[in-house]
Amino acid sequence: MIKPATTRLHLNENTAGCSPAVFDTLRALGRGDAGFYPNYDAAREAAAGCFGVSADHVLLTNGLDEGILAAAAAAFRDRTGPIPETVGVAPAFDMYEVCTTALGGRMVTVPLDGSYDLDTAAVAAAVTSATRIVFLANPHNPSGRPLPLDALRDLARRIAPVVLFVDEAYADFSGETLIAPEVFTALPNLLIGRTFSKAYGLAGLRIGAVVGGPAQLQPLRHVVPPYSLNAWAAAALPAAIDDRGYRDWYLEQAAASRALLAHAFDTLGLPTWPSAANFVLVHVGERAPAIVAALGARGVLVRDRSKEVGCEGCIRVTAGIVEDTRRAIAAIEEVLCAVR
Ligand SMILES: Cc1ncc(COP(=O)(O)O)c(C=O)c1O
């Protein structure tokens, strides 16, 4: 694999790329695959098997970004009543608000405290008759904090029939998921978002999924275009899911990197939050933009979150393969001495 000149630790990608088996599969595709509309049967079955549900519980999307957009569009379809609202926490992944406003809605956010613990009572209290959907990520982005599954199930019950969309983009790393057929039967207002961009290293191919009860997914199926994934993505997915060994290797690398980052920041006297995801949020104070720029100049990209409400003074660093992490830590140590 050709290594990029930069160490990309700003978008929580798989810093090793996809499984070699995926690349072999893509190489074997031919002119017909480019010329014909894709068939999703194998990809949908593979995703369903990966999530432990039947295929009618899975809607494949062009990245989870499209799944978020589709969930909001489906929830906003009824245009009667007040301006439709979504509810979430702040700070959070920005696409919940981007999709809400793009569709003419308004997002209401509940501020998280400095520990980034979820206050489900406060989220439930923010739900009004205008609320169509509540967006929460588990683990939370940007802190990496895991949310208790019981609290999420309880929240879904309390806000029904408003949709609870739990974004499990980083669930491969935490090992915890709400996905189970019986959960969707008990909680028909629950939708789960998943992505193959992170643990599976397929961000460039754009493959996500919304998982939920078949009836609950139906309105989203009317929103997502029939050929939302291209043929290369559809062919890559079964190969990626089959290569369990590669995914497990990457999860180990990410966990080791997370521990290395937490230890390095602790040694440097910089506060972090216990993360269950493939990234670590660290408080560096007012120097955040200067540190991010100085690291960028050394070829290490990290994410400046310091301007966001609830994230002041923080940067987020992806925990990728250990080799990249060691290089990043060396650069961070150097930069911290230089940027006072
Ligand atoms: C919490 C969260 N949800 C969704 C996504 C989008 O994933 P995808 O690449 O599948 O669109 C990201 C990407 O960074 C994310 O952090």
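This is a predicted model, so every value here is computed, not measured.

Requested: an account of the overall build of the protein chain, with residues and values cited.
Per the secondary structure count, the protein chain includes 14 helices and eleven strands. Relative to its length of 340 residues, the protein chain is compact, with a C-alpha radius of gyration of 20 Å against a globular reference of 20 Å. A principal-axis box enclosing the C-alpha atoms of the protein chain has dimensions of 55 × 55 × 30 Å. Within the protein chain, buried positions represent 56% of all 340 residues. Put simply, 75% of the contacts in the protein chain that link residues at least 6 apart link residues at least 24 apart. Total accessible area computed for the protein chain in this model is approximately 14300 Å², and 56% of it derives from carbon and sulfur atoms. Here the protein chain carries 29 positive and 35 negative side-chain charges, and the mean point of each set is 3 Å from the other.

Which residues make up unusual backbone geometry, and what values go with them?
A cis amide bond links Asn 138 to the next residue, Pro 139, at an omega of 0°. Along the chain, the position of Pro 139 falls in the loop between strand E5 (131-137) and helix H7 (149-159). Omega for the peptide link from Ala 160 to Pro 161 comes to 10°, which places this bond in the cis form. Structurally, Pro 161 is set in the loop between H7 and strand E6 (163-167). Even without a glycine there, the phi angle at Asn 12 is positive, about 55°. A residue is classified by how much of its surface remains accessible, and Asn 12, at 0% relative accessible area, is buried. Even without being a glycine, Arg 206 presents a positive backbone phi close to 65°. Its place among the elements puts Arg 206 in the loop between strand E7 (190-195) and strand E8 (208-212).

Could you give me a rundown of the nonpolar core, with the residues and numbers involved?
Counting residues in each nonpolar core, the largest one holds 94 residues, and the members touching the most others are Phe 51, Leu 164, Phe 165, Leu 190, Phe 196, Leu 202 and Leu 237. Apart from the residues lying within four places of it in its own chain, the contact partners of Leu 237 are Ala 43, Ala 47, Leu 60, Phe 196, Leu 202 and Ile 207. Counting 25 residues, the second largest nonpolar core, distinct from the first, contains Leu 261, Phe 265, Val 282 and Val 292.

Hey, could you go over the packing of aromatic side chains for me, with residue numbers and the actual values?
Taken as a whole and judged by the stated rule, the model has twelve aromatic pairs. For the ring pair Tyr 170 and Phe 279, a centre distance of 4.9 Å and an interplane angle of 80° mean the geometry is edge-to-face. With Tyr 170 in the loop between E6 and helix H8 (171-174) and Phe 279 in strand E9 (residues 279-283), the pair connects residues that are 109 residues apart, well separated along the chain. Its relative accessible area of 0% is what places Phe 279 among the buried residues. Grouped by ring-pair contacts, the aromatic residues Phe 93, Tyr 96, Phe 135 and Phe 165 constitute a single cluster. Above the plane of the ring of Phe 279 lies Arg 316, whose end atom (NZ or CZ) is 5.5 Å from the centre.

Could you give an account of the sheet that holds E9, with specific residues and numbers?
The strand order across the open sheet built from four strands is E1-E10-E11-E9, with neighbouring strands paired in mixed fashion. At either end of the open sheet lies a strand with only one pairing partner, and these are strand E1 (7-9) and E9. For this sheet, the mean angle separating the axes of adjacent strands, direction not counted, is 30°. When strand E10 (residues 300-304) meets strand E11 (residues 314-318), the two strands line up antiparallel, connected through two bridges. Its bridge partner being in E11, Asp 304 is matched across the sheet by Ile 315. Here helix H13 (residues 288-297) sits on the sheet and contacts E10 and E11; the angle it forms with E10, its principal contact strand, is near 160°. Sheet strands in contact with helix H14 (residues 322-338) are E1 and E10, and its direction is about 90° off that of E1.

Outline the environment of Ser 129, listing residues and values.
Structurally, the position occupied by Ser 129 is in the loop between helix H6 (120-126) and E5. Taking C-alpha positions, Ser 129 is 21 Å from Arg 153, a pair spaced 24 residues apart along the chain.

Let's hear about the side chain of Ser 143: which residues, and what values?
Structurally, Ser 143 can be placed in the loop between E5 and H7. Residue Ser 143 is classed as buried on the basis of its relative accessible area, which comes to 0%. Here the side chain of Ser 143 touches Arg 145 through a polar contact of 3.1 Å, landing on its backbone nitrogen. Not counting the four nearest positions on each side in its chain, Ser 143 is found in contact with Tyr 116, Trp 273, Pro 274, Ser 275, Phe 279 and Leu 281.

Parameters at a glance
- Residues numbered from 1 in each chain as written.
- Predicted model: local features only at pLDDT ≥ 70, side-chain atom pairs only at ≥ 80, totals over all residues.
- Heavy atoms only, no water.
- Helix = DSSP H or I, 4+ residues; strand = E, 2+ residues; numbered from the N terminus.
- Rg over C-alpha atoms; globule rule 2.2 N^0.38 Å.
- Buried < 20%, exposed > 50% of the residue type's maximum accessible area, 1.4 Å probe, protein only.
- Contact = heavy atoms within 4.5 Å.
- Areas by Shrake-Rupley, 256 points an atom, 1.4 Å probe, with all protein chains shown as cover.
- Lys, Arg positive; Asp, Glu negative; His and termini not counted.
- Charge placed at Lys NZ, Arg CZ, Asp CG, Glu CD.
- Core = buried A, V, L, I, M, F, W, Y, C linked by side-chain atoms within 4.5 Å.
- Phe/Tyr/Trp six-rings, centres within 6.5 Å; stacked < 30°, edge-to-face > 60°.
- Lys NZ or Arg CZ within 6 Å of the ring centre and 35° of its normal.
- Pairing = 2+ DSSP bridges.
- Axes fitted to C-alpha atoms, helices over the stretch in contact; angles between N-to-C directions.
- Polar contact = N/O pair within 3.5 Å; in protein donor to acceptor, adjacent residues only side chain to side chain.

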